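Below, each chain spelled out in residue letters.
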Amino acid sequence: DKIKQRLDREHTLLQEEQAKSERLLLNVLPEHIAKRLKQGETTIADGLADVTVMFADIVNFTKLTEEMAPEEMVALLNKVFSNFDFLLEKYGLEKIKTIGDAYMAAGGLARGHGDYVQAMGEMALEMRSLVTEHPALKLHNLSIHMGIATGPVVAGVIGAKRFIYDLWGDTVNIASRLTTEGVPGRIQVDRTTYARLRSRFQFEGPFTVTVKGKGELTVYRLTGRLPREQGFASAE
């Protein structure tokens, strides 16, 4: 009986450690990628034909780092990004990484997601509202600009220590450039994203912007949702 009790305790502890490791892995990698690693795949590299990529950049945050104590600055950025993480869960999208005060997300990386382009549009509008309306963020006069592009990407896991799941390709570069070339408070999208969303969302444009490495691009600015009836009428 004593041996059995000890084995049961050790088994319970092992299960708890496995669950902890599972949570840590899912905090680093998308679930479908984590499963592939657990199944023994050593090299993960996928060419995906249709993915929606978004970059979001917090405007004026760099200036705040010079004015706030480190603990306050990190706490504020954590508040923003934690809320973004919540929205990702809500819309079934994937967080790719954060780079300083920039946030990168994507949809369409796993099969069976549904309309990830629409989900990204909905999330972008909520992210903008969060930054402009949240009392703690309004206090610091923060704003956000975003860029969204849809198209092919290469996705894979790189690194042996502190590995990361990342995306590469023209679609990623366009989304990034649309963000850096954007206007505070605006959500800029490429022509492909606009074509997929124009029956359900309101847009301004088209506009022509000059993007480093790409030349002139036609872009649109996502401003809001269409009324339900109008959206269905446009779709018809």
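None of the values given here were measured: they were computed from a predicted structure. (Residues numbered from 1 in each chain as written. Predicted model: local features only at pLDDT ≥ 70, side-chain atom pairs only at ≥ 80, totals over all residues. Heavy atoms only, no water.)

Looking now at the packing of helix H4 (residues 70–91) against helix H5 (residues 116–133). Between H4 and H5, the least distance of the axes is 10 Å, while the angle of their chain directions is 155°. In terms of orientation, H4 and H5 fall into the roughly antiparallel class. Relative to H5, H4 is oriented so that their crossing is right-handed. Touching Val80, Asn83, Phe84, Leu87, Leu88, Lys90 and Tyr91 of H4 are Ala119, Glu122, Met123, Glu126, Met127, Leu130 and Val131, all from H5. Of the residues that constitute the contact of H4 with H5, the class distribution is 10 nonpolar, one polar and three charged. (Axes fitted to C-alpha atoms, helices over the stretch in contact; angles between N-to-C directions. Helix = DSSP H or I, 4+ residues; strand = E, 2+ residues; numbered from the N terminus. Parallel < 35°, antiparallel > 145°, perpendicular 65-115°, else oblique. Left-handed = near helix turned anticlockwise from the far one by under 90°. Contact = heavy atoms within 4.5 Å. Nonpolar A, V, L, I, M, F, W, Y, C, P; charged D, E, K, R; others polar.)

This part takes up unusual backbone geometry. For the peptide bond that leads from glycine 205 to proline 206, omega is 20°, which places it in the cis range. Mapped onto the elements of the fold, proline 206 is located in strand E7 (residues 201–211).

What follows concerns the side chain of aspartate 190. Along the chain, the position of aspartate 190 falls in strand E6 (residues 187–190). Buried within the structure, aspartate 190 lacks any salt-bridge partner; its nearest side chain of opposite charge belongs to arginine 191, at an N-O separation of 8.3 Å. With sequence-adjacent residues up to four places away left out, aspartate 190 is seen in contact with Ile148, Ala149, Thr150, Ile174, Leu178 and Thr218. (Buried < 20%, exposed > 50% of the residue type's maximum accessible area, 1.4 Å probe, protein only. Lys, Arg positive; Asp, Glu negative; His and termini not counted. Salt bridge = Lys/Arg side-chain N within 4 Å of Asp/Glu carboxyl O.)

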